[in-house]
Amino acid sequence: MNTTATQTDGKPSPGEGRVGEGSSVKPDPQANAKALRDWPLWEVFVRSKQGLEHKHCGSLHASDAQHALQMARDVYTRRQEGVSIWVVPSHLIAASDPSEKDQLFEPASDKIYRHPTFYEIPEEVGHM
């Protein structure tokens, strides 16, 4: 028994096919890519089993925080190497401008007392 729905020209009707087969309507990859780009960007931080701090692993697009956590788990901890995941909306991260590094980090160089380079270390201390 043939379970294929056909039009008058003998071709399957759109969205129809044999029972148990997928739809003949193909998803539009460009529409899927646009939908992903429309979702907010999230930054992913994972704490490994051996680590004490979370480390930035990458970014992903997700519809909300719960979705971002699930996707981060699937993408960045596939081998069960993490014990904790943070996801943060990218637009909430404040970062310094690399072109302003001199004025941001330069003031530390005039405080020599913060760098113990001029202390003499006794021989019995060994390596430091």
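Along each chain, residues carry numbers from 1 onward, in the same order as the chain's sequence is written. Totals for whole chains, interfaces and linings use every residue, but because this is a predicted model, local features are given only for residues with pLDDT of at least 70 and side-chain atom pairs only at 80 or more, for both listing and counting. Excluded from the side-chain calculations are hydrogens and water; all other atoms, namely the structure's heavy atoms, are used.

> Explain the overall build of the protein chain here, please?
Labels follow the DSSP assignment, with helices taken as runs of H or I lasting at least four residues and strands as runs of E lasting at least two, numbered in each case from the N terminus. Counting its secondary structure elements, the protein chain contains 3 helices and 3 strands. Listing the helices and strands of the protein chain from first to last along the sequence gives α-β-β-α-β-α. Think of it in three bands: residues with accessible area under 20% of the maximum for their type are buried, residues over 50% are exposed, and the middle band is partly exposed, with areas taken using a 1.4 Å probe on protein chains only. Of all 128 residues assigned to the protein chain, the portion counted as buried reaches 12%. Working definition of accessibility: Shrake-Rupley area with a 1.4 Å probe, residue cover restricted to the visible protein chains. Accessible area for the protein chain stands at about 10800 Å²; split by element, carbon and sulfur atoms hold 55% of it.

> Could you clarify how one ought to interpret the pairing of strand β2 (residues 54-61) in this entry?
It is a general feature of regular strands that their side chains alternate between the two faces of the sheet. Two strands are said to pair when DSSP picks up at least two bridges between them. Sheet analysis places strand β1 (residues 41-48) next to β2, joined by 7 bridges and oriented antiparallel. Counterpart to F45 in the pairing with β2 is H56. Hairpin remark: β1 followed by β2, antiparallel, with 5 residues in the connecting loop.

> Quick question: what am I supposed to make of the nonpolar core here?
Taken as a class, soluble globular proteins show a tendency for nonpolar side chains to be buried jointly. The biggest cluster of nonpolar side chains holds 8 residues, and these are W42, V44, V46, L60, A62, A68, A72 and V87. Element by element, the count of residues in this core is highest for β1, at 3 residues. Whether two residues are in contact is decided by their heavy atoms: any pair within 4.5 Å suffices. Apart from residues no more than four positions distant in its own chain, A72 is found in contact with V44, L60, T77, I85 and V87. Only buried residues count toward a nonpolar core. Its members are Ala, Val, Leu, Ile, Met, Phe, Trp, Tyr and Cys residues joined through side-chain atoms within 4.5 Å.

> Please explain the environment of S84 as it appears in this structure.
Within the secondary structure layout, S84 lies in strand β3 (residues 82-89). Sequence separation of S84 and R47 is 37 residues, and the distance between their C-alpha atoms is 5.2 Å. Those residues in contact with S84, other than ones at most four positions away along the chain, are F45, V46, R47 and H54. Within the structure, S84 has its side chain in polar contact with the side chain of H54 (distance 2.8 Å). Two N or O atoms count as a polar contact when they lie within 3.5 Å, although within protein this holds only if one can serve as hydrogen donor and the other as acceptor, and sequence-adjacent residues are included solely when both atoms are side-chain atoms.

> Hey, could you run me through the pattern of salt bridges in this one?
Close approach of charged atoms lets side chains of opposite charge pair. By definition here, a salt bridge exists when the distance from a side-chain nitrogen of Lys or Arg to a carboxyl oxygen of Asp or Glu is within 4 Å. Applying the stated criterion across every chain, the model contains 2 salt bridges. E53 is the partner of K55 in a salt bridge, and the nearest nitrogen-oxygen pair spans 3.5 Å. Note on E53: relative accessible area 42%, which makes it partly exposed. Across the pair D74 and R73 runs a salt bridge whose closest N-O atoms are separated by 3.0 Å. We classify D74 as partly exposed; its relative accessible area is 43%. Given a relative accessible area of 44%, R73 falls into the partly exposed group.

> Help me understand the sheet that holds β3, please; the structure alone is not making it clear to me.
The strands making up a sheet associate through backbone hydrogen bonding, with each pair oriented either parallel or antiparallel. In space, the 3 strands of this open sheet follow the order β2-β1-β3, with antiparallel pairing throughout. Edge strands, defined here as strands with exactly one partner in the open sheet, are β2 and β3. Across this sheet, the average inter-strand angle for adjacent strands is 25°, counted without regard to direction. Direction of pairing for β1 relative to β3: antiparallel, over a ladder of 7 bridges. Looking across to β3, one finds that W42 is bridged to P89. Along the sheet face, helix α2 (residues 65-76) touches β1, β2 and β3 and points at about 110° away from the line of β2. Every angle, taken between N-to-C directions, lies between 0 and 180 degrees, and every axis is a line fitted to C-alpha atoms, over only the stretch in contact when it is a helix.

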